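Residue-level structure breakdown
Residues per chain are reported as follows:
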Amino acid sequence: MVSPEIGKNNRLRVQEEKPTGLILDGGPLGPLHLARNEITTETATDVGDEIDVFVTLDSEDQLYATTRQPLATVGEFALLRVVDVASAGVFLDWGLPKDLLLPFREQIRDARTGTYELVYIDLDRASQRLVASAKLKKFVSKEVPRDLRPGDGVELLITQRTDLGWKAIVDNAYWGLLRVPDDVAGPARGQRLPAFINQIRSDGLVDLSLEPPGYERVSGAAEKILQQLAETPDGFLPLHDKSDPQEIREALGISKKIFKQAIGGLFKQGRLTIEKDGRTGISKIS
């Protein structure tokens with residue numbers, strides 16, 4: 001069995017069943033209790049069975065296991081809401097009964113109840129306590145993976161807007177910059193979304209795009225348009241070359257430029273018609 005880790009999901013073996021719940025084999029962490037009210041009819045309870053649980057600390061800093069899933073685990077980033085202010089810092093709601101502490105020393109601004117803070121989930125090795133940090137630069141690498149290539153698909157966590165675009169944490173590991181056209185509303189802070197590597201710059205930064213580079217983005221957009229047309233009752237979409245860019249983005253998740261290229265190609269292939277009389281939009285040809 002792999003040694004279990006605090007603040008992460010683990011697969012642990014049942015050692016014993018008690019009236020209060022199950023005792024799980026925590027290895028070097030010692031026996032871990034899983035409360036009776038978290039055991040369902042689908043939970044394996046026989047000695048020797050294995051259960052997927054999250055290992056954390058209760059209000060008395062005692063380790064225990066839970067089947068509840070937090071919004072983020074150790075080593076991950078998340079946008080969390082401040083629910084209380086205390087002498088040691090502020091507490092964040094991360095989906096578990098015991099809120100997560102963001103110490104004052106780990107804040108970059110005055111966090112108050114009701115605000116949302118973008119933080120990294122960390123484990124204080126000395127105290128074995130879970131804490132949050134808003135000082136993201138300490139946990140994001142300045143170097144990109146050597147095997148990274150333009151066109152690779154990645155996942156972004158948006159952190160802030162800059163003069164050049166939206167700064168983002170890529171694949172939970174390194175920095176990137178998402179460039180969004182001026183006529184399109186950008187993503188929200190803390191939002192996660194899929195993207196593509198557009199360019200790896202000489203200064204080590206990564207330029208990102210919401211669409212794959214080259215012809216692939218047009219081809220993918222064309223398939224998306226056809227799928228949307230097939231799912232509408234009358235095979236019609238009220239989108240055209242004069243539509244608002246944001247309207248196209250919200251409906252299809254692509255830019256207006258790519259939309260026009262895609263419908264142009266589909267029109268030439270005879271796979272859709274462009275209607276202008278009575279209603280303006282595109283219709284699929286059976």
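Read on for a plain summary of the structure. (Residues numbered from 1 in each chain as written. Predicted model: local features only at pLDDT ≥ 70, side-chain atom pairs only at ≥ 80, totals over all residues. Heavy atoms only, no water.)

Moving on, we get to the overall build of the protein. When helices and strands are counted, the protein shows three helices and 18 strands. Here the C-alpha radius of gyration of the protein, 25 Å, is well above what a compact globule of 286 residues would show, namely 19 Å. For the protein, the proportion of its 286 residues judged to be buried stands at 41%. Look at the contacts in the protein between residues 6 or more apart in sequence, and 53% of them connect residues 24 or more apart. If you sum the accessible surface of the protein, you get close to 15900 Å²; carbon and sulfur atoms cover 48% of it. Averaging the coordinates of the 37 positive side-chain charges in the protein and doing the same for the 43 negative ones gives two points 7 Å apart. (Helix = DSSP H or I, 4+ residues; strand = E, 2+ residues; numbered from the N terminus. Rg over C-alpha atoms; globule rule 2.2 N^0.38 Å. Buried < 20%, exposed > 50% of the residue type's maximum accessible area, 1.4 Å probe, protein only. Contact = heavy atoms within 4.5 Å. Areas by Shrake-Rupley, 256 points an atom, 1.4 Å probe, with all protein chains shown as cover. Lys, Arg positive; Asp, Glu negative; His and termini not counted. Charge placed at Lys NZ, Arg CZ, Asp CG, Glu CD.)

For helix H3 (residues 256-268), spanning 13 residues, the distance from its first C-alpha to its last is 18 Å, which sits close to the expected 18 Å at 1.5 Å a residue. Within H3, burial applies to Ile258, Phe259, Ala262, Ile263 and Leu266. Axial view of H3: buried residues confined to an arc of 125 degrees, hence all on one face. Exposed and oriented more than 90 degrees from the buried face of H3 are Lys257 and Lys268. Phi for glycine 270, located one or two positions after H3, is positive at around 75 degrees. (Expected span 1.5 Å × (residues − 1). Arc of directions from axis to C-beta.)

Here the focus is the environment of proline 238. Structurally, proline 238 is set in the loop between strand E16 (236-237) and helix H2 (245-252). Proline 238 sits in the partly exposed class, given a relative accessible area of 47%.

Look at aspartate 61: it is not a glycine, yet its phi comes out positive at around 60 degrees. Relative to the helices and strands, aspartate 61 resides in the loop between strand E4 (50-57) and strand E5 (63-66). When its relative accessible area of 29% is taken as the criterion, aspartate 61 is described as partly exposed. With a phi close to 65 degrees, glutamine 128 is a non-glycine residue in the positive phi region. Checked against the element boundaries, glutamine 128 lands in the loop between strand E9 (116-124) and strand E10 (129-133). Accessibility expressed as a relative area gives 32% for glutamine 128, which makes it partly exposed.

So, on to the environment of phenylalanine 104. Position of phenylalanine 104 relative to the elements: it lies in the loop between strand E8 (100-103) and E9. The partly exposed category is assigned to phenylalanine 104, whose relative accessible area is 41%. Sequence separation between phenylalanine 104 and valine 90 is 14 residues; the distance between their C-alpha atoms is 7.3 Å. Other than its neighbours up to four places away in sequence, phenylalanine 104 contacts Val85, Ala86, Ser87, Ala88 and Gly89.

With that settled, the discussion passes to the pattern of salt bridges. As enumerated under the stated definition, the model contains 13 salt bridges in all. For glutamate 5, the salt bridge goes to lysine 8, with nearest N and O atoms at 3.8 Å. Looking at glutamate 5, the relative accessible area reads 41%, which means it is partly exposed. Take lysine 8: its relative accessible area is 28%, and that puts it in the partly exposed class. Between arginine 179 and aspartate 207 there is a salt bridge; the shortest N-O distance is 3.5 Å. With arginine 179 in the loop between strand E13 (174-178) and strand E14 (192-200) and aspartate 207 in strand E15 (residues 206-209), this residue pair connects regions lying 28 residues apart in the sequence. (Salt bridge = Lys/Arg side-chain N within 4 Å of Asp/Glu carboxyl O.)

Moving on to the sheet that holds strand E12 (residues 166-170). Ordered in space as E11-E12-E13-E15-E14, the five strands form a closed barrel in which the pairing is mixed. For this sheet, the mean inter-axis angle between neighbouring strands, taken without regard to orientation, is 55 degrees. With two bridges joining them, E13 and E15 adopt parallel strand pairing. For leucine 177, the partnering residue across the bridge sits in E15 and is aspartate 207. (Pairing = 2+ DSSP bridges. Axes fitted to C-alpha atoms, helices over the stretch in contact; angles between N-to-C directions.)

Bringing the packing of aromatic side chains into the picture now. By the definition in use, this model includes three aromatic pairs. On the basis of an interplanar angle of 75 degrees and a centroid distance of 5.8 Å, the ring pair of phenylalanine 54 and tryptophan 94 is categorised as edge-to-face. With phenylalanine 54 in strand E4 and tryptophan 94 in the loop between strand E7 (89-93) and E8, this pair connects stretches of sequence that are 40 residues apart. Taking the relative accessible area as the measure of exposure, phenylalanine 54 reaches 0% and is therefore buried. Grouped by ring-pair contacts, the aromatic residues Phe77, Tyr120 and Phe139 constitute a single cluster. The lysine or arginine in question, lysine 167, covers the ring of tryptophan 175, its NZ or CZ lying 4.3 Å from the ring centre. (Phe/Tyr/Trp six-rings, centres within 6.5 Å; stacked < 30°, edge-to-face > 60°. Lys NZ or Arg CZ within 6 Å of the ring centre and 35° of its normal.)

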